[in-house]
Amino acid sequence: MTRTEKEKMIAGEMYFSADPELVADRAEARKQMSIINETADQSVRNNIVSKCFGTAGENLYIEPRVTFDYGYNIHVGKNFYANFNATLLDDCPIRIGDNCMLAPNVQLYTATHPLDPIERNSGYEYAKPITIGDNAWIGGGAIILPGVTLGNNVVVGAGSVVTKSFPDNVAIAGNPARVIKSI
């Protein structure tokens, strides 16, 4: 059975980003983002976000200027807070546990591209999922790269670039991020 480009994308396989279904999905996501980011009423914003995201727990709070590729690949638990200018590139699933906070300008990137320039220019790309456990706090301006898993109770220092996965109960910081303290 032939898989659609969308199915390949979500599975982390090479896919054609200009596929008409994906182009339409991104266009719809941009419409929804515009409404989310221009709506002052938090309950209306939460309602729209809950419909756009794959799953969203109770007590969701997202400040304006949230940016995402599709929305339907984002799964957040209860008591989720995203401060201003959250960027969630969700070509592959982004899974965030309960009681998590994103400080301003946090960026979660599942999208990546081939290193070979000819391949990269072909329009084919791929993605790797991001998973963040419960009770995580991601500091301002931190960047989480494709394929990273962070355990429960992880704290990421402001400005960090997280290039690899980390276990439960650690504070990490730096570029590239490293463990600076056990919690």
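All values reported here derive from a predicted model rather than from experimental measurement. (Residues numbered from 1 in each chain as written. Predicted model: local features only at pLDDT ≥ 70, side-chain atom pairs only at ≥ 80, totals over all residues. Heavy atoms only, no water.)

**Remarks on the UniProt feature "domain: Maltose/galactoside acetyltransferase" (unreviewed entry) in the chain**
1) Next: On the UniProt side, "domain: Maltose/galactoside acetyltransferase" (unreviewed entry) is annotated at positions that read residues 6-58 here.
2) Next: The straight-line gap between the two end C-alpha atoms of residues 6-58 is 28 Å; of that span, 68% is helix and 8% is strand. (UniProt positions renumbered as here; feature names shortened; annotations may be inferred. Helix = DSSP H or I, 4+ residues; strand = E, 2+ residues; numbered from the N terminus.)

**Observations regarding the sheet that holds strand 15 (residues 143-144)**
1) Next: Taken together, five strands build an open sheet; the order of strands is 4-7-10-15-18 and the sheet is parallel. Each end of this open sheet is capped by a strand with a single partner; those strands are strand 4 (67-68) and strand 18 (161-162). (Pairing = 2+ DSSP bridges.)

**A word on the packing of aromatic side chains**
1) Next: Going through the model one piece at a time under the given rule, you end up with four aromatic pairs.
2) Next: With a centroid separation of 5.9 Å and an interplanar angle of 85°, the aromatic rings of Phe53 and Phe68 are classed as edge-to-face. Remark: Phe68 occurs in strand 4 and Phe53 occurs in the loop between helix 3 (42-52) and strand 2 (55-56); sequence separation between them is 15 residues. The same class applies to Phe53 as to Phe68, namely buried.
3) Next: Geometrically, the ring pair formed by Tyr61 and Tyr81 is stacked, given 5.7 Å between the ring centres and 25° between the ring planes. A residue pair is termed long-range when its members are at least 10 positions apart, and Tyr61 in strand 3 (residues 61-62) and Tyr81 in strand 6 (residues 81-82) qualify at 20 residues.
4) Next: When the ring centre of Tyr72 is taken as origin, the NZ or CZ atom of Lys6, which lies over that ring, is 4.3 Å away. (Phe/Tyr/Trp six-rings, centres within 6.5 Å; stacked < 30°, edge-to-face > 60°. Buried < 20%, exposed > 50% of the residue type's maximum accessible area, 1.4 Å probe, protein only. Lys NZ or Arg CZ within 6 Å of the ring centre and 35° of its normal.)

**Focus: unusual backbone geometry**
1) Next: Cis rather than trans, the peptide bond between Asn175 and Pro176 has omega equal to 0°.
2) Next: In this structure, Pro176 sits in the loop between strand 19 (170-174) and strand 20 (177-182).
3) Next: For Asn59, which is not glycine, the phi torsion reads 60° and is therefore positive.
4) Next: Structurally, Asn59 can be placed in the loop between strand 2 and strand 3.

**Some remarks on helix 3**
1) Next: Listed as buried for helix 3 are Gln42, Arg45, Asn46, Ile48, Val49 and Cys52. Buried residues of helix 3 fall within an arc of 165° about the axis and therefore sit on the same side. Among the exposed residues of helix 3, those oriented more than 90 degrees off its buried face are Ser43 and Lys51.
2) Next: On its buried side, helix 3 packs onto helix 2 (20-38), strand 3 and strand 4. (Arc of directions from axis to C-beta. Contact = heavy atoms within 4.5 Å.)

**Quick look at the pairing of strand 19**
1) Next: The element strand 19 is largely enclosed, with a buried count of four among its five residues.
2) Next: Here strand 17 (residues 155-156) runs beside strand 19; their pairing, made up of two bridges, is parallel. Paired with Val155 across the strands is Ala171, a residue of strand 19.
3) Next: One ladder, built from five bridges, connects strand 19 with strand 20; its direction is antiparallel. Note on strand 20: the bridge partner recorded for Gly174 is Ala177.
4) Next: Counted along the chain from strand 19 to the antiparallel partner strand 20, the turn is two residues long.

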